[in-house]
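Breakdown of the fold
The chain contents come next:
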Amino acid sequence: MSEAREKHLDELREIVAEVLEVEPEEITETGSFAEEHEADSLRAIEILARIEKKYKIDIPQSELPRMENLKAIYDVVATQAGWQD
């Protein structure tokens, strides 16, 4: 895994953990936020808003259902932000 990808994943993990009020270590790459951390749509929207603000990007609301775990969030953000990790 590239250093840039690792850094981005860590940043995204921090944002998600903060919103879901859990420790970053509890957020796995493929664990479902809804199933493992009882995340609801309001939390999902808050995660989206924080990511958009941090990276100064716009993520279409239509992507929200896809953003169910850390890997999926990374994939969506990487596409929108143009990361080449």
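Okay, so let's go over this structure. Note that the structure is a prediction, hence the values are computed from the model and not measured.

Quick word on the layout of surface pockets
One number sums up the size of the largest pocket: a volume of about 180 Å³. Every residue lining the largest pocket is counted, 14 residues in all, and those nearest its centre are Phe-33, Ala-44, Leu-64, Met-67 and Glu-68. Elements represented by at least two residues in the lining of the largest pocket include exactly helix H2 (33-37) and helix H3 (41-55). No other element matches the four residues that H3 contributes to the lining of the largest pocket. Residues belonging to the lining of the largest pocket are distributed by class as follows: ten nonpolar, two polar and two charged.

Details of unusual backbone geometry
Backbone geometry places Glu-21, a non-glycine residue, at a positive phi of 60°. Structurally, the position occupied by Glu-21 is in the loop between helix H1 (3-20) and H2. When its relative accessible area of 65% is taken as the criterion, Glu-21 is described as exposed. Although it is not a glycine, Lys-56 adopts a positive phi angle of roughly 55°.

Reading the values: the criteria
- Residues numbered from 1 in each chain as written.
- Predicted model: local features only at pLDDT ≥ 70, side-chain atom pairs only at ≥ 80, totals over all residues.
- Heavy atoms only, no water.
- 1 Å grid on protein atoms, 1.4 Å probe; cavity = no way out; pocket = protein on both sides within 12 Å on 5 of 7 lines; lining within 4 Å.
- Points joined across faces, edges and corners; volume = space filled by probe spheres on them.
- Helix = DSSP H or I, 4+ residues; strand = E, 2+ residues; numbered from the N terminus.
- Nonpolar A, V, L, I, M, F, W, Y, C, P; charged D, E, K, R; others polar.
- Buried < 20%, exposed > 50% of the residue type's maximum accessible area, 1.4 Å probe, protein only.

By themselves, these are just geometric observations and shouldn't be taken as functional.
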